Amino acid sequence: MSSETIRKRKSKVLRNEGTTQEVKRGRPEGEQQDVPVYNEEVELDAREPEQDCQQFKETCESLATLMNEIQQLKANGAKEGSIEVEQKRMQGCIYFMNLKKLNRLAHMRLKRGRDQTHEAKQKVDVLHLQLQNLLYEVMHLQKEISKCLEFKSKHEDIDLVSVEEFYQEAPEEISRPHLTKTDSHQLTLARLDWELEQRKRLAEKYKDSLASEEKIQKSIEVKKEHLRSLQPGLKAIMQASIPVQQYLSMPYEKIQKQTEVARHLPPPLYVVFVQANAYGQACDKNLTVSIIGDVEEARALSKPPEDSQDDESDSDAEEEQEKTKRRRLTTAAQLEEKRRETLKRHPLSLCFDLKCKEGSVLHLYFYYLMNLNILTVKTKVSASMDLNTAVSAGDLLKSDTLLSCLYSGDNGCETPNPANRYQFDKVGIVSFADHVDELGHPYLWVQNLGGIHFPSESSEAVNAGSSLSASHMESTIKLLRGRIQSRLALHKQFTSLEHSILPVITECQHLFPAKIISRLARWTAITYQDYMALPYTSHVVNAGLAKDTDLYFMGVLERGTACLKAAVVMSPRYPEISPLFSILLSWKGERSGRTDDNLRAIESEVNVFRNELQGPKPGHQLLTNQIARLCVCLDVYLETEGHDDGVEGPREFPREKMCLRTVRGPNRLKPFKYNHPQGFFSHR
């Protein structure tokens, strides 16, 4: 491109720019606007986008070519301000201005396209809204049509009499057979008129019945008032007859009140109540039964839930339910609530007062766990003597151990109902034994008293109910009385044993010689773990004769330098099951029944020949007699030991007992059997 062409284009561009600026500044008023105004929007309408795109590409290529030429000129040594470089630079400016114009035109086209699109979208939205309105009107009309088609008149819910009965009973002015037999609509209207007439007649009868009922009600109220006036007089008569009832041992008023309360007992407790009352009246006057607890709460439990149709009550229930949902408990709190509900007791319970000799009373409290369907019992002992004198007797009258194994194997730690295991798994209860202190012990004999029977693989089927309770009532009461008497007798013996006194009664003095030198130095209670840790009791533990339900004691006998320790296992069923002794002698070394035949023979004298030490029935003195026999055998053992002639001085244990033979047989057994009335000892 020549320099002359470049110059012409430059002057043309400058002229166009000046004209544009002059138009923008505006002309003075009154001056004629002969010069045409340049407007890019008008030019935009005359130009085609494809031509502008082609022109843009050509301009870019020309600009790139121009830049290459300038670079070649500079590379060939042309200076910065040379004429060739300046001309090409001016040409490049023209290309850039052309690119800017094309860019403005492209943006204007884009804006115009967006505006057109927006206007088209608005038109579409207006049309869509009109369509929605039309569809809504169509849907509304369809609903109205459906309501009209589904309309049911109230007369369709009225149970009208049949057409044949209507024509037979309705009068002519209502039935109008000449009109209704041909027109179903008129027939329906006539039947409705007859129904209205019948209802009016029934309403009149109802009013007459209400008037008659009111008269009868007034007469009833008069009679009730008369009966209420008699009530204070009857109460005064009953109150005045109380001393007579007490004197004749016929507490009619108390029995009447208890019978009224007993109606609200759960069935198992009711069975126990009835059978215990029957047994007490017939066989045991020292057994009294009473009902304790909240009668109102029990009455509320026995009432069936009322179905209220009141809308207001329904709304209140819904509000309460919503409030409950709002204050939703945590998972742990919900689980604890379920546990409490599972272990919930009935508000009423029974109390047995079983009087024994010497003024002692055994209190039994029977509870019913509603959701577990089992009975539990708690105990309390009231005695005339002081029960805090013997330390070792602390566990004898405790509620946990007093009734343990009343029947063989029944320790009352676990529930006898197999279904309870699944209930415990749902609420996270590991063992019922963790709750017996609070709820009581579910002994099997307690379930039998309540007529509850849980079949097992080993048990035979029996009929549950009052017959089961009656068959166990007498034997259980006898066992309970025997248990409390034996424990009180043991408590009295322990008081003496702790003071190193052997309380041998007169009826048992013939079982022992007049002079017993060995003495009881100490008597204490030990634990099951302590007993198992003793080395000389392993044979008892291995034989399964020591259980965690038994009671364990340690007795220490002394004579001179000899010390005999006796570990005692006492069954809860004492004296039916005799105590079991294991001994250890500390004298010239330590010896036990496992290492010394004579000590084994002493254990046999105490453990095996219990019938000789039973004493008068029921044998409550067995323990004391066994300890006394142990002292006697220790005397015989020490006195019949050979004396070392090399030791000067008197014998440590001079012979006080008369023995026919000091030893016998290859085992050199000593004579431990006492013969009364001769007063000598012999071998068995």
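Residues numbered from 1 in each chain as written. Predicted model: local features only at pLDDT ≥ 70, side-chain atom pairs only at ≥ 80, totals over all residues. Heavy atoms only, no water.

(A) Up close: the environment of Asp550. Mapped onto the fold, Asp550 is located in the loop between helix H21 (538-542) and strand E6 (551-559). Exposure remark for Asp550: the relative accessible area of 11% places this residue in the buried category. Sequence separation of Asp550 and Met570 is 20 residues, and the distance between their C-alpha atoms is 5.8 Å. Asp550 has contacts with Leu545, Val569, Met570, Ser571 and Pro572, leaving out every residue within four places of it along the chain. At a separation of 3.1 Å, a polar atom in the side chain of Asp550 contacts the main-chain amide nitrogen of Lys547. (Helix = DSSP H or I, 4+ residues; strand = E, 2+ residues; numbered from the N terminus. Buried < 20%, exposed > 50% of the residue type's maximum accessible area, 1.4 Å probe, protein only. Contact = heavy atoms within 4.5 Å. Polar contact = N/O pair within 3.5 Å; in protein donor to acceptor, adjacent residues only side chain to side chain.)

(B) Inspection of the pattern of salt bridges at higher detail. This structure, assessed with the given rule, holds 33 salt bridges. A salt bridge links Glu336 to Arg340; its shortest N-O distance comes to 4.0 Å. Here Arg340 and Glu336 lie together in helix H14 (residues 331-342), a separation of four residues that amounts to about one turn. One continuous salt-bridge network, built from bridges that share partners, spans Glu43, Arg47, Asp52, Lys101 and Arg109. (Salt bridge = Lys/Arg side-chain N within 4 Å of Asp/Glu carboxyl O.)

(C) Structural view of the state of the cysteines. As enumerated under the stated definition, the model contains zero disulfides in all. There is no disulfide at Cys631, and the cysteine sulfur nearest it, in Cys633, is 9.4 Å away. (Disulfide = S-S within 2.5 Å.)

(D) The packing of aromatic side chains, seen in detail. Under the defined criterion, the tally for this structure stands at eleven aromatic pairs. Look at Trp523 and Phe553: their rings are 5.5 Å apart centre to centre, the planes differ by 15°, and that puts the pair in the stacked class. Of this pair, Trp523 sits in strand E5 (residues 519-526) while Phe553 sits in strand E6, and the two are 30 residues apart along the sequence. Each member of the pair, Trp523 as well as Phe553, carries the same accessibility label: buried. The interplanar angle of 35° and the centroid separation of 5.5 Å between the aromatic rings of Tyr528 and Tyr552 together place this pair among those described as tilted. Here the residue Tyr528 occupies a position in helix H20 (residues 528-533), and Tyr552 occupies one in strand E6, the gap between them amounting to 24 residues. Since its relative accessible area comes to 23%, Tyr528 is described here as partly exposed. We classify Tyr552 as buried; its relative accessible area is 4%. Three or more aromatic residues joined by ring pairs make a cluster, and in this case those are Phe494, Trp523 and Phe553. The cationic tip of Lys181 hangs over the ring face of Tyr167; the distance from NZ or CZ to the ring centre is 5.4 Å. In this structure, Arg684 packs its charged tip against the face of Phe609, placed 3.7 Å from the ring centre. (Phe/Tyr/Trp six-rings, centres within 6.5 Å; stacked < 30°, edge-to-face > 60°. Lys NZ or Arg CZ within 6 Å of the ring centre and 35° of its normal.)

(E) Region of interest: helix H8 (residues 184-240). End to end, H8 covers 81 Å across 57 residues, agreeing with the expected 84 Å (1.5 Å per residue, within 8%). Bending of H8 peaks at approximately 25° at the position of Gln231, with proline Pro232 no more than four residues after it. The set of residues buried in H8 consists of Leu187, Ala190, Arg191, Trp194 and Glu195. Close packing links the buried residues of H8 with helix H5 (163-169), helix H6 (172-175) and helix H7 (177-180). For H8, the capping residue at the N-terminal end is Asp183, with a side-chain oxygen 3.1 Å from the backbone nitrogen of His185. (Expected span 1.5 Å × (residues − 1). Bend = angle between axes of the 7 residues up to and from the residue.)

(F) Summary view of the sheet that holds strand E7 (residues 562-570). Pairing within the open sheet is antiparallel, and its five strands lie in the order E5-E6-E7-E8-E9. The sheet terminates laterally at E5 and strand E9 (590-592), the two strands that pair on one side only. Neighbour to neighbour, the strand axes of the sheet diverge by 20° on average, direction disregarded. For E5 and E6, the ladder comprises seven bridges, and the chain directions are antiparallel. (Pairing = 2+ DSSP bridges. Axes fitted to C-alpha atoms, helices over the stretch in contact; angles between N-to-C directions.)

(G) The nonpolar core, seen in detail. Ranked by size, the top nonpolar core spans 93 residues in total, and within it Phe366, Trp445, Phe494 and Leu623 carry the most contacts. Top element by residues in this core is helix H23 (residues 622-639). It accounts for twelve residues. Apart from the residues within four sequence positions on either side, Phe366 is in contact with Leu269, Ser349, Leu350, Phe352, Thr376, Val377, Trp445, Val446 and Leu449. Listed in part, the eleven residues of the second largest apolar core include Tyr536, Tyr552, Met554 and Ala567. (Core = buried A, V, L, I, M, F, W, Y, C linked by side-chain atoms within 4.5 Å.)

(H) A look at the sheet that holds strand E12 (residues 680-682). Pairing in this open sheet of three strands is mixed, and the strands run E10-E12-E11 from one edge to the other. The strands lining the two open edges of the sheet, one partner per strand, are strand E10 (658-659) and strand E11 (673-675). Note that E11 and E12 share three bridges and pair antiparallel. Its bridge partner being in E12, Tyr674 is matched across the sheet by Phe681.

(I) Main features of helix H11 (residues 267-282). Between the first and last C-alpha of H11 there are 22 Å, a value that for 16 residues agrees with the 22 Å anticipated at 1.5 Å per step. Three or more residues of H11 are buried, namely Pro268, Leu269, Val271, Val272, Phe273, Gln275, Ala276, Tyr279 and Gly280.

(J) Focus on the packing of helix H3 (residues 49-75) against helix H4 (residues 83-150). In the contact formed by H3 and H4, the axes pass within 9 Å of each other and the chain directions differ by 155°. As the angle between them shows, H3 and H4 are arranged roughly antiparallel. You can see that H3 and H4 cross each other, and the crossing is left-handed. Looking at the contact of H3 with H4 residue by residue, the classes come out as 13 nonpolar, six polar and six charged. (Parallel < 35°, antiparallel > 145°, perpendicular 65-115°, else oblique. Left-handed = near helix turned anticlockwise from the far one by under 90°. Nonpolar A, V, L, I, M, F, W, Y, C, P; charged D, E, K, R; others polar.)

(K) Layout of the confidence of the model for the protein. With 86% of its residues at a pLDDT of at least 70, the protein reaches an overall mean of 83. Note that pLDDT drops below 50 for residues 1-6; the model gives that stretch seven contacts with residues more than four away or on any other chain. (pLDDT = per-residue confidence, 0-100.)

(L) Region of the structure containing the pairing of strand E8 (residues 580-586). Among the seven residues in E8, five count as buried, and that is most of the element. With seven bridges joining them, E7 and E8 adopt antiparallel strand pairing. Bridging from a neighbouring strand, Lys565 pairs with Leu584 of E8. With three bridges connecting them, E8 and E9 associate as antiparallel partners. Residue pairing for E9: Ser586 is matched across the bridge by Glu590. Hairpin geometry of E8 and E9 is characterised by an intervening segment of three residues between the two adjacent antiparallel strands and by a positive phi of about 55° at Lys588.

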